[in-house]
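What follows is the residue order along each chain.
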There are 2 protein chains.
Amino acid sequence: MTSKKKKYAIGIDLGGTKILTALLDRDCQIISTLKEKTKVEEGKGYFLKTIEECVKTVIDEAEIGWAEIAGLGIGCPGIINEKDGVVISSPNIPFLKNMPLRSELIQSLGLEVVIENDVNTGLYGEHQFGAAVGYSNVAGIFIGTGIGGGFIFNKELYRGAKGSAGEVGHMLIDPLGPLCGCGKRGCLEAMAGRLAIASEAATLAAKQQAPRLFEEVQTDLLKIKSGVLAKVIKAGDRSIEELVRRKSRLVGIAMANIVNLVDPDLIVLGGGMVEALPEIIVKEATQSMREHAMSAMVKNVKVAKAKLKDFAIVMGAAKLVWDHSY
Amino acid sequence: MTSKKKKYAIGIDLGGTKILTALLDRDCQIISTLKEKTKVEEGKGYFLKTIEECVKTVIDEAEIGWAEIAGLGIGCPGIINEKDGVVISSPNIPFLKNMPLRSELIQSLGLEVVIENDVNTGLYGEHQFGAAVGYSNVAGIFIGTGIGGGFIFNKELYRGAKGSAGEVGHMLIDPLGPLCGCGKRGCLEAMAGRLAIASEAATLAAKQQAPRLFEEVQTDLLKIKSGVLAKVIKAGDRSIEELVRRKSRLVGIAMANIVNLVDPDLIVLGGGMVEALPEIIVKEATQSMREHAMSAMVKNVKVAKAKLKDFAIVMGAAKLVWDHSY
């Protein structure tokens, strides 16, 4: 059991571009946060050093003793063996492959460590503190550059056989669709993720059918972030709004398949795209879900926007520390 | 707890065309079975009377006392509230809608009753006694006239929020596909169930491209049962073999989506079509699954043919009786 003097946990959201570290109390309320660039190109040593520095900094700046820290929870992208604390693979941080991240950090920091897939961790955060509190069977879909997902079944985080359940982004939507990062064609992510939307949006800009977007970024696909899409839709680019609606309907098809398969009581939609365009995406995806799912299955299914925004993962990660009761 | 003198359980597979009743011992070994026609057209009273007569007959013929029966387990098609023992809806046996089947049978038979969705019950049978023994996360797909499915998660039958998880047959495969019984278009069942295959097979027969099939049934779709398909493939109708292979590849796409979503360690394929054409369907579906799923997700997933054939449901149902420990 956790000693009473352990008052704090540290949650880390380990991303391919940034590392968000937070100090949280026993209720998983955030006391302070620190954001650092990941710099994957600097390699494994630099990466581990960055994590260590971030942990030290949040503890030191809070002026608390290390003995008061119950442990370190990490939401990590990729396939994670959470029992052994080993990263099986992590496409955006390649050197993590087969790394025993848990034991490496225990050794360097002297803190207990729990590691979980980042999307699972974020969904767990939403289930414990956010949009999914009180629901028993929850599907989470997070739409950003890619599309990730996870499940809560019978009130518990569901991991599957390899700890990597919830790859909603790689549901096959169209066998003739565009090539996906996973090597297959027509996955939901390749059809409706931010990059897929940006690619069609850039084409519309090139065709002079999205004048506001063209003003903003010309035809540079990589500059078309979710905030830009929201801005130009608000400024009147109807073609971009229609594009986002059409893509949201594909997300709704994936939601319908999930409803028919795992019979959830709630679907949580989150991620950068949903944060930027909540009304359009949630409404259109929900309507499409209701059209495509079996009516008896979809009747009482609720859809909600994620609540915790950038803090879902660090909060879920801290909760995992307390669950493990070091 | 179950009194020691309860030596037997009764399992019932309640179908739209037949009712299979079995007497089983504590190890769920089948002692005797009885098959009766369902005669849905005769209505609710006749239906309940048939179940009662079946139960009485298997007990009387075994010359055992009613006091030795621990209870009655029923695998019932449709959406079942297994906690209350109420059938929410059952498309092929319409009068079951909202029927408190459990309390009706407790009253008429004086036996304890447990009711579960039939596909779930059959998968549970396979998990306890058949192809899925020892696996933790299992998806079952059963291909017959329609396509049903179910899940074992963390070694337990997964029911979902409404008790109706596992509607694999209604996964959307092609938005432009044929109309499905559920009212939507392009569901797996409408694309690759036995009726879908029979409809294309009849067309091939009509075009003189399946001479053996034409000899057997001319162009009568309803006569094209799985046994007939197996027979004419063996006799040399290559077009029919190709048709079954092509349809099995669609099942493989659904399997790939399931692998990406729920990360199973085993997928069990069963049902009349798989019993009749095990080599072709299991091989082709598995290959298609491996092509369409994320490689890291599908690597260690096994695929097996169901083992218990017609007895999966009665065995699973009897096991549910013992689990409930009346």
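All values reported here derive from a predicted model rather than from experimental measurement.

**A few points about the overall build of chain A**
Regarding its fold elements, chain A presents 12 helices and 12 strands. Over its C-alpha atoms, taken along the principal directions, chain A stretches across nearly 60 × 45 × 35 Å. A total of 326 residues make up chain A; the buried ones form 57% of that total. Within chain A, contacts between residues separated by at least 24 positions form 62% of all contacts whose residues are at least 6 apart in sequence. Only carbon and sulfur atoms are counted for the fraction: they give 50% of the accessible area of chain A, which is about 13,200 Å². Between the centroid of the 40 positive side chains of chain A and the centroid of its 38 negative side chains there is a distance of 3 Å.

**Remarks on unusual backbone geometry**
The backbone phi angle of C28 of chain A is positive, close to 60°, even though this residue is not glycine. Mapping C28 of chain A onto the fold places it in the loop between β2 (18–25) and β3 (30–37). The exposure class assigned to C28 of chain A is buried, which follows from its relative accessible area of 0%. Positioned with a positive phi, D263 of chain B is a non-glycine residue whose angle comes to about 50°. Inspection of the secondary structure assignment puts D263 of chain B in the loop between α8 (238–262) and β11 (266–270).

**Brief notes about the sheet that holds strand β2 (residues 18–25) of chain B**
Residues and elements named next belong to chain B. Spatial strand order, β3-β2-β1-β4-β7: five strands in an open sheet with mixed pairing. Because the sheet does not close on itself, it has two edges, and the strands there are β3 (30–37) and β7 (113–117). Sheet twist, expressed as the average angle between the axes of neighbouring strands with direction ignored, equals 15°. Taken together, the six bridges between strand β1 (residues 8–14) and strand β4 (residues 69–76) define a ladder with parallel strand orientation. If you follow I12 over to β4, its bridge partner there is I74.

**Here we look at the interface of chain B and chain A**
Contacts between the two partners involve 38 residues from chain B, matched on the other side by 38 residues from chain A. At the boundary of chain B with chain A, the tally comes to two salt bridges. A salt bridge links D263 of chain B to K162 of chain A; its shortest N-O distance comes to 3.1 Å. Counting only elements with at least two residues in the side of chain B that touches chain A, the list comes to β9 (147–153), α8, α10 (278–292) and α11 (295–298) of chain B. Of the residues forming the side of chain B that touches chain A, the biggest block, six residues, is contributed by α8 of chain B. Of the residues that constitute the side of chain B that touches chain A, the class distribution is 20 nonpolar, 10 polar and eight charged.

**Let's talk about the packing of aromatic side chains**
This structure, assessed with the given rule, holds nine aromatic pairs over all chains. Aromatic pair Y158 of chain A and F153 of chain B: ring centres 4.5 Å apart, planes at 45°, arrangement tilted. Here Y158 of chain A, found in strand β10 (residues 156–158), pairs with F153 of chain B, found in strand β9, and the two come from separate chains. On the basis of relative accessible area, F153 of chain B is assigned to the buried category, the value being 6%. Aromatic rings pair up to connect F151, F153 and Y158 of chain A together with F151, F153 and Y158 of chain B into one cluster.

**What about the side chain of T38 of chain B?**
All names here are of chain B. Checked against the element boundaries, T38 lands in the loop between β3 and α1 (44–61). For T38, a relative accessible area of 0% gives the class buried. Not counting the four nearest positions on each side in its chain, T38 is found in contact with G15, G16, T17, K18, I19, Y46 and F47.

**Digging into the environment of T50 of chain B**
Residue and element names in this part refer to chain B. With respect to the helices and strands, T50 occurs in helix α1. The spacing of T50 and G85 is 35 residues in sequence and 19 Å in space, taken between C-alpha atoms. Those residues within four positions of T50 in sequence are excluded, and the remaining contacts are I19, E36 and K37. Only 2.7 Å separates the side chain of T50 from the backbone oxygen of Y46, close enough to count as a polar contact.

**Quick notes on the relation of the copies chain B and chain A**
Turning chain B through 180° and shifting it by 0.0 Å along the axis lays it on chain A, with an RMSD of 0.0 Å. When the rotation and shift are considered jointly, the pair of chain copies conforms to a two-fold rotation axis. The fraction of interface residues of chain B whose copies in chain A are also interface residues reaches 100%, indicating that both copies meet through the same surface.

**Observations concerning the sheet that holds strand β8 (residues 138–143) of chain B**
All names here are of chain B. Judged by pairing direction, the sheet is mixed, and its five strands sit side by side in the order β10-β9-β8-β11-β12 without closing on themselves. Only two strands of the sheet have a single partner each, and these edge strands are β10 (156–158) and β12 (302–305). When strand polarity is set aside, the average angle formed by the axes of neighbouring strands in this sheet is 25°. The strands touched by helix α3 (residues 118–129) are β8, β9 and β10; relative to β9, the strand with the most contacts, the crossing angle is about 50°.

**Some points on the environment of A67 of chain A**
Residue and element names in this part refer to chain A. Position of A67 among the secondary structure elements: in the loop between α1 (44–61) and β4 (69–76). A67 gets classed as partly exposed once you look at its relative accessible area, which sits at 40%. Residues contacting A67, with those up to four places away along its chain left out, are K5 and K6.

**Some details on the state of the cysteines**
Applying the stated criterion across every chain yields a total of zero disulfides over all chains. Here C187 of chain A stays unpaired: no disulfide links it, and the sulfur of C182 of chain A, its closest cysteine neighbor, is 3.7 Å away. Unpaired in terms of disulfides, C76 of chain B finds its nearest cysteine sulfur in C54 of chain B, a separation of 14 Å. A relative accessible area of 0% places C76 of chain B in the buried class.

**A closer look at the packing of helix α5 (residues 194–206) of chain A against helix α8 (residues 238–262) of chain A**
Residues and elements named next belong to chain A. For the pair α5 and α8, the least separation of the axes is 10 Å and the interaxial angle reads 155°. Between α5 and α8, the angle falls in the class roughly antiparallel. Regarding α5 and α8, the two cross each other, and that crossing is right-handed. On the side of α5, the interface is formed by I197, E200, A201 and L204, while α8 contributes S239, I240, L243, V244, R246 and K247. Each residue belonging to the contact of α5 with α8 can be placed in one class, and the counts come to six nonpolar, one polar and three charged.

**A word on the confidence of the model for chain A**
Per-residue confidence for chain A gives a mean pLDDT of 95; residues scoring 70 or more make up 98%. Both confidence scores are given for the complex: pTM 0.94, ipTM 0.92.

Cut-offs used in this document
Residues numbered from 1 in each chain as written. Chains lettered and ligands numbered in written order. Predicted model: local features only at pLDDT ≥ 70, side-chain atom pairs only at ≥ 80, totals over all residues. Heavy atoms only, no water. Helix = DSSP H or I, 4+ residues; strand = E, 2+ residues; numbered from the N terminus. Buried < 20%, exposed > 50% of the residue type's maximum accessible area, 1.4 Å probe, protein only. Contact = heavy atoms within 4.5 Å. Areas by Shrake-Rupley, 256 points an atom, 1.4 Å probe, with all protein chains shown as cover. Lys, Arg positive; Asp, Glu negative; His and termini not counted. Charge placed at Lys NZ, Arg CZ, Asp CG, Glu CD. Pairing = 2+ DSSP bridges. Axes fitted to C-alpha atoms, helices over the stretch in contact; angles between N-to-C directions. Salt bridge = Lys/Arg side-chain N within 4 Å of Asp/Glu carboxyl O. Nonpolar A, V, L, I, M, F, W, Y, C, P; charged D, E, K, R; others polar. Phe/Tyr/Trp six-rings, centres within 6.5 Å; stacked < 30°, edge-to-face > 60°. Polar contact = N/O pair within 3.5 Å; in protein donor to acceptor, adjacent residues only side chain to side chain. Least-squares fit on C-alpha atoms with pLDDT ≥ 70 in both. Disulfide = S-S within 2.5 Å. Parallel < 35°, antiparallel > 145°, perpendicular 65-115°, else oblique. Left-handed = near helix turned anticlockwise from the far one by under 90°. pLDDT = per-residue confidence, 0-100.

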